[in-house]
Amino acid sequence: MNLNFFKHWLSDPATVGAVAPSSRYLADAMAEGVDAFEAIVEVGAGTGVVTDSLVRRHPSARLIVFELGDQLATELRGRFPQAHVVGGAFHENVSVPQD
Ligand SMILES: C[S@@+](CC[C@H](N)C(=O)[O-])C[C@H]1O[C@@H](n2cnc3c(N)ncnc32)[C@H](O)[C@@H]1O
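Residues numbered from 1 in each chain as written. Predicted model: local features only at pLDDT ≥ 70, side-chain atom pairs only at ≥ 80, totals over all residues.

> Is there a simple way to explain the sheet that holds strand S2 (residues 62-67) in this structure?
Within a sheet, each strand pairs with its neighbour through backbone hydrogen bonds, oriented either parallel or antiparallel. Ordered in space as S1-S2-S3, the three strands form an open sheet in which the pairing is parallel. Because the sheet does not close on itself, it has two edges, and the strands there are strand S1 (39-43) and strand S3 (84-87). Sheet twist, expressed as the mean angle between neighbouring strand axes with direction ignored, is 15 degrees. Pairing between S1 and S2: five bridges, direction parallel. Its bridge partner being in S2, Glu42 is matched across the sheet by Val65. Strand contacts of helix H5 (residues 70-79): S2 and S3, with the helix running at about 170 degrees to S3, the strand carrying the most contacts. (Pairing = 2+ DSSP bridges. Helix = DSSP H or I, 4+ residues; strand = E, 2+ residues; numbered from the N terminus. Axes fitted to C-alpha atoms, helices over the stretch in contact; angles between N-to-C directions. Contact = placed C-beta atoms within 7 Å.)

In structure tokens form, the structure reads like this:
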């Protein structure tokens, strides 16, 4: 298991909500279910298992990734330079146009 995932789970198990990242098989199945839109938003990327599947299966889509854990977000930025990784809570970092 990824050490940063485990550390984040230890510090805040309620927001992680799982004891381990998704498997590659589950990640691929999820990415396969995504239609080829111009942009894909992933909320709660963790260690990036699903991110990796999305990047491989939808290389031309713009990918915006949110991850609450600072350390995990830093890792994601290094690993997926083609994605726009936003660190922090999704609901505190998204603005919805009022009109
Ligand atoms: C169960 S893990 C899943 C990680 C990954 N998607 C996977 O399938 O392995 C949930 C992740 O969502 C993140 N998370 C929880 N609440 C969040 C929020 N409000 N905004 C952004 N990320 C959040 C947690 O930090 C954690 O990394």
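Additional details are given in the paragraphs that follow.
> What is the right way to look at the nonpolar core in this model?
One broad rule of soluble globular proteins: the nonpolar side chains tend to lie buried together. Membership of the largest hydrophobic core comes to 15 residues, with the highest contact counts inside it found for Val50, Val65, Leu76 and Val85. Mapped by element, the contributors of at least two residues to this core are helix H3 (24-32), helix H4 (49-57), S2, H5 and S3. A total of three residues in this core trace back to one element, the largest contributor, which is H4. Excluding residues that lie within four positions of it along the chain, Val85 makes contacts with Val65, Glu67, Ala73, Leu76, Arg77 and Phe80. (Core = buried A, V, L, I, M, F, W, Y, C linked by C-beta atoms within 7 Å. Buried ≥ 20, exposed ≤ 12 C-beta atoms within 10 Å, placed from the backbone.)

> Mind showing me how you'd approach the site of the ligand here?
Around the ligand, the structure places 21 residues, and the nearest of them are Ala18, Pro21, Ser22, Gly44 and Gly46. Among the secondary structure elements, those contributing two or more residues to the shell around the ligand are helix H2 (13-16), H4, S2 and helix H6 (90-93). Residue composition of the shell around the ligand, grouped by class: twelve nonpolar, eight polar and one charged. (Near = placed C-beta within 6 Å. Nonpolar A, V, L, I, M, F, W, Y, C, P; charged D, E, K, R; others polar.)

> Is there a simple way to explain the pairing of S2 in this structure?
Side-chain positions along a regular strand alternate between the two faces of the sheet. As a crossover connection, the stretch from S1 through H4 into S2 is right-handed. As paired elements, S2 and S3 share four bridges and run parallel to each other. By the bridge assignment, Phe66 is partnered in S3 with Val86. Crossover S2 to S3 through H5 is right-handed. (Right-handed = clockwise from strand over helix to strand, strands pointing away.)

> Hey, could you run me through the packing of H3 against H4 in this one?
Packed helices, taken two at a time, are described by the angle between their axes plus the distance between the axes. Close contact between H3 and H4 brings their axes to 8 Å; oriented N to C, the two are set at 45 degrees. The angle between H3 and H4 places the two elements in the oblique class. The hand of the H3/H4 crossing is right-handed. Residues Arg24, Ala27, Asp28, Met30, Ala31 and Glu32 of H3 touch H4, and the partners they reach there are Val49, Val50, Asp52, Ser53, Leu54 and Arg57. A class-by-class count of the residues in the contact of H3 with H4 yields six nonpolar, one polar and five charged. (Parallel < 35°, antiparallel > 145°, perpendicular 65-115°, else oblique. Left-handed = near helix turned anticlockwise from the far one by under 90°.)

> Quick question: what am I supposed to make of the confidence of the model for the protein chain here?
One rule of thumb: low pLDDT means the predicted coordinates there are not for detailed reading. Scored by pLDDT, the protein chain comes out at a mean of 90, with 95% of its residues at no less than 70. Mean pLDDT across the elements of the protein chain ranges from a minimum in helix H1 (residues 3-11), with 85, to a maximum in H5, with 96. (pLDDT = per-residue confidence, 0-100.)

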